[in-house]
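# Summary of the model geometry
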Amino acid sequence: MRSGYDPVEVDALIGRIESTLGRGSHLLEPVTADEVRTATFRAKRGGYQETAVDFALEAFVVALEAQAKRPIRLAMAEPTGEMLREQWFETQAARVERVAFRPGRMGTGYNEDEIDAFLDRIVATLRGTTDYPLKAKEVRDAKFSTVMFRPGYLIADVDAFLAGIADVLEQRAL
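Let us look at the structure shown here. Residue numbering note: each chain is counted from 1, following its sequence as written. Only residues with pLDDT of 70 or above have their local features reported here, since the model is predicted, and side-chain atom pairs are shown and tallied only from 80 upward, although totals for entire chains, interfaces and linings are computed over all residues. To obtain the side-chain values, all non-hydrogen atoms of the structure were used and water was disregarded.

Stacked, tilted and edge-to-face are the three classes assigned to paired rings of Phe, Tyr and Trp, where Trp is represented by its six-membered ring and a pair needs centres within 6.5 Å; plane angles under 30 degrees give stacked, over 60 edge-to-face, the rest tilted. Under the defined criterion, the tally for this structure stands at five aromatic pairs. Ring geometry for Tyr5 against Phe41: centres 5.1 Å apart, planes inclined by 50°, an arrangement best described as tilted. Taken as a pair, Tyr5 in strand E1 (residues 3-5) and Phe41 in the loop between helix H2 (33-37) and strand E2 (43-45) lie far apart in primary sequence, 36 residues in all. For the pair Tyr5 and Phe41, a shared accessibility class is recorded, and that class is buried. On the numbers, 5.7 Å between centres and 75° between planes, the contact of Phe101 with Phe161 is edge-to-face. A residue pair is termed long-range when its members are at least 10 positions apart, and Phe101 in the loop between helix H4 (85-98) and strand E3 (108-111) and Phe161 in helix H7 (residues 155-173) qualify at 60 residues. Judged by its relative accessible area of 11%, Phe101 falls in the buried class. Site record: aromatic cluster; members linked through ring pairs are Phe101, Tyr153 and Phe161. Numbered from the N terminus, helices here are DSSP runs of H or I no shorter than four residues, and strands are runs of E no shorter than two. Type-normalised accessible area, obtained with a 1.4 Å probe on protein chains alone, sets the label of each residue: buried when under 20%, exposed when over 50%, and partly exposed for intermediate values.

Leu119, Ile122 and Leu162 are the most contacted members of the largest nonpolar core, which has 26 residues in total. Looking at this core, the elements with two or more residues in it are H4, helix H5 (112-127), helix H6 (136-141) and H7. Element by element, the count of residues in this core is highest for H7, at seven residues. Not counting chain neighbours up to four residues away, the residues in contact with Ile122 comprise Val96, Leu134, Val139, Leu162 and Ile165. By nonpolar core we mean a set of buried residues, namely Ala, Val, Leu, Ile, Met, Phe, Trp, Tyr and Cys, connected to one another through side-chain atoms within 4.5 Å. By size, the runner-up hydrophobic cluster in this structure holds 14 residues, among which are Val31, Ala33, Phe41 and Val53. The contact criterion used is simple: two residues touch if any of their non-hydrogen atoms lie within 4.5 Å.

Without other data, these values stay purely geometric and don't point to any function.
Set out below in structure tokens:
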């Protein structure tokens, strides 16, 4: 058996990376691309092959840098001036209709049918075409089934988008 990177140390760093990217436990401390670049591991007999880990970490650095550059998707500010309130809500409804979520990781994610039906309810609420409009709290408290080994939406993407939409619905109630 030859030496390689200590699996416990590598797995701990990868857990933090996945958490930062919204794919793992949200209880772990976030990590930056620079921390990943400068990470070192003890050698251990039977450890992970260094080259494979180094290549994987390079890919994670790219993902972390891309995430850091991605603008935070917050709800548009309340309209002022020439844009009428209802036009603004229509633009928000159109944004909900156009949203595309990334697929879940390793065959897990939110049930696509449930999310799509919920988004339809949000659109109807924003357009004022439903007798049962959703409240911001309902959007924040919504729970969805997860799927395994079949298509599903990336949980972190859906949760982030719905948080912004809940802010929009709070303005609708005003």
